[in-house]
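Structural features, examined
Below, each chain spelled out in residue letters.
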Amino acid sequence: MASIKQVQVTFDCAEPERVARFWCEVLGYVVPPPPEGFATWEAFDRALPPERQGAAFACGDPSGVGPRLFFQRVPEGKVVKNRVHLDVRVGTGLVGEERVTALEAECARLVALGGTRVRLLTADEHNESCLLMQDIEGNEFCLD
């Protein structure tokens, strides 16, 4: 059996570039250079048939360690909770109030970018605190 070398996380969304740029800010990801022969992604997009314009966008970890994120336009809106979500690890190694303070600070930064704070799940006997959020199109994720 072949081993998996890379993973891409794909988001279905209404506005691929807008959602991709939000996640670039969240994760410190970058938009790759446009395809050869195009000075910008906008120029590449204009060269596509009208029905394909704005249909997809991608970004990646500049270090090459994290997965590539791909965003594709779909006709239907989001109606139920995600079955898969990202955990953004901002509180690793922190506990108690120090952890909650770190989570709340990152939450404030992401709300300023268009994210939505859902609720804080406080620590219990099995888990540390985490903060539930939504991206700019309502996709759930956790600050962990």
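Heads up: the structure comes first, above all this text.
Nothing here was measured: the structure is a model prediction, and the numbers come from that model. (Residues numbered from 1 in each chain as written. Predicted model: local features only at pLDDT ≥ 70, side-chain atom pairs only at ≥ 80, totals over all residues. Heavy atoms only, no water.)

**Considering the sheet that holds strand 3 (residues 68–73)**
Formally: A pair of strands is treated as paired once DSSP finds two or more bridges between them. Secondary structure elements are defined from DSSP: runs of H or I of at least 4 residues count as helices, runs of E of at least 2 residues count as strands, and each element is numbered from the N terminus. Angular values range over 0 to 180 degrees, each being the angle between N-to-C directions of two axes fitted as lines to C-alpha atoms, with helices fitted over their stretch in contact. Note on contacts: a residue pair is in contact if any heavy atoms of the two residues lie within 4.5 Å.
Reading across from one edge, 1-3-2 is the order of the three strands in this open sheet, with mixed pairing throughout. Each having just a single partner strand, strand 1 (8–13) and strand 2 (56–59) make up the two edges of the open sheet. The mean inter-strand angle of the sheet, taken between neighbouring strand axes irrespective of direction, is 20 degrees. Bridging between strand 1 and strand 3 involves six bridges; their strand directions are parallel. The residue bridging V9 from the neighbouring strand is L69, located in strand 3. Most of the contacts of helix 1 (residues 16–27) go to strand 3, to which it runs at about 155 degrees, and overall it touches strand 1, strand 2 and strand 3.

**Some details on the pattern of salt bridges**
Any two side chains of opposite charge can pair if their charged atoms end up close together. Short version of the rule: Every case where a carboxyl oxygen of Asp or Glu lies within 4 Å of a side-chain nitrogen of Lys or Arg is listed as a salt bridge. Each residue is assigned to one of three classes by its accessible area relative to the maximum for its type, calculated with a 1.4 Å probe on protein chains only: buried under 20%, partly exposed between the two thresholds, exposed over 50%.
Within this structure, the stated rule accounts for seven salt bridges. Between K78 and E140 there is a salt bridge whose closest N-O contact spans 3.2 Å. Taken together, the residues span a long stretch of sequence, with K78 in the loop between strand 3 and strand 4 (86–88) and E140 in strand 7 (residues 140–143) at a distance of 62 residues. The partner of R117 in a salt bridge is E104, and the shortest N-O contact between them spans 2.6 Å. Pair noted here: R117 is in strand 5 (residues 116–121) and E104 is in helix 3 (residues 96–112), with a separation of 13 residues, a long-range link. Residue R117 is classed as partly exposed on the basis of its relative accessible area of 37%.

**A few points about the nonpolar core**
Convention followed: Among buried residues, those of type Ala, Val, Leu, Ile, Met, Phe, Trp, Tyr and Cys that are joined through side-chain atoms within 4.5 Å constitute a nonpolar core.
Membership of the largest hydrophobic core comes to 22 residues, with the highest contact counts inside it found for W23, L69, F71, M133, F141 and L143. At the level of secondary structure, the elements contributing two or more residues to this core comprise strand 1, helix 1, strand 2, strand 3, helix 3, strand 6 (130–134) and strand 7. It is helix 1 that contributes the most residues to this core, six residues altogether. For M133, the residues in contact, after removing those within four places along its chain, are C107, L110, V111, G115, T116, R117, V118, N139, E140, F141 and L143.

**Topic: the sheet that holds strand 4**
Where strands meet in a sheet, backbone hydrogen bonds hold them as pairs that are either parallel or antiparallel. Read across the open sheet, the four strands follow the order 4-7-6-5; overall the sheet is mixed. Two strands in the sheet have a free side with no partner beyond their single neighbour: strand 4 and strand 5. Across the sheet, the axes of successive neighbouring strands diverge by a mean angle of 25 degrees, strand direction being ignored. Relative to strand 6, strand 5 runs antiparallel, the two being bridged by five bridges. Residue pairing in the sheet places T116 in a bridge with Q134 of strand 6. Those strands touched by helix 1 are strand 4 and strand 7, and its axis lies near 40 degrees from that of strand 4. Against the sheet, helix 3 touches strand 5, strand 6 and strand 7, its axis set at about 10 degrees to strand 6.

**A short note on helix 1**
What counts here: A helix is expected to span 1.5 Å for every residue after the first.
Between its first and last C-alpha atoms helix 1 spans 16 Å; for 12 residues at 1.5 Å apiece the expected length is 16 Å, and the two agree. Of the residues making up helix 1, those classed as buried are P16, V19, A20, F22, W23, C24 and V26. Next to the buried residues of helix 1 lie strand 1, strand 2, strand 3, strand 4, helix 3 and strand 7. In the stretch just after helix 1, G28 is the one whose phi turns positive, near 75 degrees.

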